[in-house]
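As a plain string of letters, each chain reads:
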Amino acid sequence: MTPDQLTEAFISLKLSVGELTEQLKTVFHNFEEYRQLSEEVRALSGSMREMLTELKYMRSQAETHDRQIEVLKERPARRWERLVGQIITLTVGTVFGVLFTRMGL
């Protein structure tokens, strides 16, 4: 090889090394971005797990409240039924009391 050819080969190798260096910088930069994204996804995943746990708890609380509301809705109906039962018992007792009194018992 002639000195000019060696110089040209050296220059082309130097350019190749420079290009490879730039490509490596880009790769490392992209790798760092992906690493940061991975950390952010991991943090979001943890937050989502916490939110899911809280949501399950809230759903169980809502179901408990629904059952309690149903019980409270039934209370006036049961009171009314007892009142009507007592009125019927009183009326029937009064009727029999009057009948037995007239019969002389």
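Residues numbered from 1 in each chain as written. Predicted model: local features only at pLDDT ≥ 70, side-chain atom pairs only at ≥ 80, totals over all residues. Heavy atoms only, no water.

Draft legend 1. Representation of the overall build of the chain. When you go through the chain residue by residue, the secondary structure sums to 1 helix and 0 strands. The C-alpha atoms of the chain give 45 Å as radius of gyration, which overshoots the globular expectation for 105 residues (13 Å, by more than 25%). The C-alpha extent of the chain, read off along each of the three principal axes, is 150 × 15 × 10 Å. Taking all 105 residues of the chain together, the buried fraction comes to 1%. (Helix = DSSP H or I, 4+ residues; strand = E, 2+ residues; numbered from the N terminus. Rg over C-alpha atoms; globule rule 2.2 N^0.38 Å. Buried < 20%, exposed > 50% of the residue type's maximum accessible area, 1.4 Å probe, protein only.)

Draft legend 2. Spatial organisation of the pattern of salt bridges. Under the counting rule described, the total for this entry stands at 4 salt bridges. Arginine 35 is paired through a salt bridge with glutamate 32; the nearest N and O atoms lie 2.3 Å apart. Note that arginine 35 and glutamate 32 are positioned in helix H1 (residues 3-103) at a spacing of 3 residues, about one turn of the helix. Overall, arginine 35 belongs to the partly exposed group, its relative accessible area being 33%. (Salt bridge = Lys/Arg side-chain N within 4 Å of Asp/Glu carboxyl O.)

Draft legend 3. Expanded view of the packing of aromatic side chains. In total, this model carries 1 aromatic pair according to the counting rule given. Taking the centre distance of 6.0 Å and the plane angle of 25° together, the rings of phenylalanine 96 and phenylalanine 100 count as stacked. Here phenylalanine 100 and phenylalanine 96 lie together in helix H1, a separation of 4 residues that amounts to about one turn. (Phe/Tyr/Trp six-rings, centres within 6.5 Å; stacked < 30°, edge-to-face > 60°.)

Draft legend 4. Here's a closer look at a nonpolar patch on the surface. Taken together, the side chains of Trp80, Leu83, Val84, Ile87, Ile88, Val92, Val95, Phe96, Leu99, Phe100 and Met103 define a hydrophobic patch exposed on the protein surface, amounting to about 1,000 Å² of accessible area. Residue position: leucine 83 is located in helix H1. For leucine 83, a relative accessible area of 39% translates into the label partly exposed. (Patch = residues over 30% accessible without salt bridge, like charges linked within 9 Å, V, L, I, M, F, W, Y side chains within 5 Å. Areas by Shrake-Rupley, 256 points an atom, 1.4 Å probe, with all protein chains shown as cover.)

Draft legend 5. Here's a closer look at the environment of glutamate 32. Residue classification places glutamate 32 among the partly exposed positions, given a relative accessible area of 30%. C-alpha separation for the pair glutamate 32 and alanine 43, spaced 11 residues apart in sequence, amounts to 17 Å. There is a polar contact of 2.3 Å between the side chain of glutamate 32 and the side chain of arginine 35. (Polar contact = N/O pair within 3.5 Å; in protein donor to acceptor, adjacent residues only side chain to side chain.)

Draft legend 6. Fine view of a positive patch on the surface. Residues Arg75, Arg78, Arg79 and Arg82 make up a contiguous surface patch of positive charge. Looking at where arginine 79 falls in the secondary structure, it is placed in helix H1. Among the residues examined, arginine 79 registers a relative accessible area of 52% and is labelled exposed. (Lys, Arg positive; Asp, Glu negative; His and termini not counted. Charge placed at Lys NZ, Arg CZ, Asp CG, Glu CD.)

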